[in-house]
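Each chain, letter by letter, is given below.
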Amino acid sequence: MPSLYLIRHGIAEDRENYEDDTQRPLTDEGRKKTKQVVKRLYDLGLRFDLMQTSPLLRAQQTAEIFAHTFSNCPIEKSLELAPEGNFEAWLGWFTDWISNHPQPHRAALGLIGHEPDLTTWAEMLIWGESKGALVLKKAGIIGLVLPNEQPWVGNGTLFLSIPPKLLI
């Protein structure tokens, strides 16, 4: 069954210091903690076939940290992972990606994005609706196992939810 990892970007600069929210970078502390989290995930044996990232700077910088550690994993931008991205459009992309994957039952996809979208997406995949029950801290990770075939919505299984403080 395919695995989906939803990862929130690391700690970013304060919003009020940036006129354009899309250009807020990670703080030095955010970079440091994210590097520690990523190294720990790698040491725990996580591997990805692909990482998708929001086009916002803080998410891209988080993706670059993943790329440095997970050197064989391609990274691509997805507009759907920007705040208020289109979940249905992303599901269409995911369906195509899984159907073209050489081993769809072993596929592992990482998504780097923002809150509250990531937990909303996870809850949609698990329960078929958003319940506001999941929490995803900055540089935290949620892991889901999805069925081998559609429908994806409401049929996912939560197997991992780790705040960064447990990985550092």
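Calculation criteria
Residues numbered from 1 in each chain as written. Predicted model: local features only at pLDDT ≥ 70, side-chain atom pairs only at ≥ 80, totals over all residues. Heavy atoms only, no water. Helix = DSSP H or I, 4+ residues; strand = E, 2+ residues; numbered from the N terminus. Rg over C-alpha atoms; globule rule 2.2 N^0.38 Å. Buried < 20%, exposed > 50% of the residue type's maximum accessible area, 1.4 Å probe, protein only. Contact = heavy atoms within 4.5 Å. Areas by Shrake-Rupley, 256 points an atom, 1.4 Å probe, with all protein chains shown as cover. Lys, Arg positive; Asp, Glu negative; His and termini not counted. Charge placed at Lys NZ, Arg CZ, Asp CG, Glu CD. Expected span 1.5 Å × (residues − 1). Arc of directions from axis to C-beta. Polar contact = N/O pair within 3.5 Å; in protein donor to acceptor, adjacent residues only side chain to side chain.

The name given to the protein in an unreviewed UniProt entry is Phosphohistidine phosphatase SixA, with Pseudanabaena mucicola FACHB-723 as the source organism.

Here we come to the overall build of the protein. Within the protein one finds four helices and six strands. A globule of 168 residues ought to have a C-alpha radius of gyration of about 15 Å, and the protein, at 15 Å, matches this closely. Principal-axis analysis of the C-alpha atoms gives the protein an extent of 45 × 30 × 25 Å. Residues classed as buried in the protein amount to 48% of the 168 residues present. In the protein, the share of contacts with a sequence separation of at least 24, taken over all contacts with a separation of at least 6, comes to 69%. With the model as given, the accessible surface of the protein reaches about 8600 Å², and the carbon-plus-sulfur share is 48%. Side-chain charges of the protein comprise 17 positive and 21 negative groups, with the mean position of each set lying 10 Å from the other.

A cis geometry characterises the amide bond from Glu 115 onward to Pro 116, with omega recorded as 5°. Relative to the helices and strands, Pro 116 is located in the loop between β4 (108-113) and α4 (117-127). The omega angle of the peptide bond from Gln 150 to Pro 151 is 5°, so this bond is cis rather than trans. Its location among the elements puts Pro 151 in the loop between β5 (141-145) and β6 (157-162). The backbone of Glu 84 shows a phi angle near 65°, a positive value even though the residue is not glycine. Its location among the elements puts Glu 84 in the loop between β3 (75-77) and α3 (87-100). Taking the relative accessible area as the measure of exposure, Glu 84 reaches 74% and is therefore exposed.

A few words now on α3. The end-to-end C-alpha separation of α3 is 20 Å, in line with the 20 Å expected for 14 residues at 1.5 Å each. Here α3 has its buried residues at Phe 87, Trp 90, Leu 91, Phe 94, Thr 95, Trp 97 and Ile 98. Seen from one end, α3 has its buried residues packed into an arc of 170°, which puts them on one side. Exposed residues lying more than 90 degrees from the buried face of α3 are Glu 88, Ser 99 and Asn 100. Buried residues belonging to α3 abut β1 (3-8), β2 (50-53), β4 and α4. Between the side-chain oxygen of the N-cap and the backbone nitrogen of Glu 88 there are 2.9 Å, and the N-cap of α3 in question is Asn 86.

A few words on the side chain of Thr 34. Along the chain, Thr 34 turns up in helix α1 (residues 28-43). Residue Thr 34 is classed as buried on the basis of its relative accessible area of 2%. With near-sequence residues (within four places) excluded, Thr 34 lies in contact with Gly 10, Thr 62, Ile 65 and Ala 139.

Here we take up the environment of Asn 155. Positionally, Asn 155 belongs in the loop between β5 and β6. The exposure class of Asn 155 is partly exposed, given its relative accessible area of 38%. Considered as a pair, Asn 155 and Met 124 are 31 residues apart in the sequence and their alpha carbons are 8.9 Å apart. If sequence neighbours within four positions are ignored, Asn 155 has contacts with Leu 125, Ile 126, Val 145 and Pro 147. Looking at Asn 155, its side chain comes within polar contact range of the main-chain oxygen of Pro 151, at 3.0 Å.

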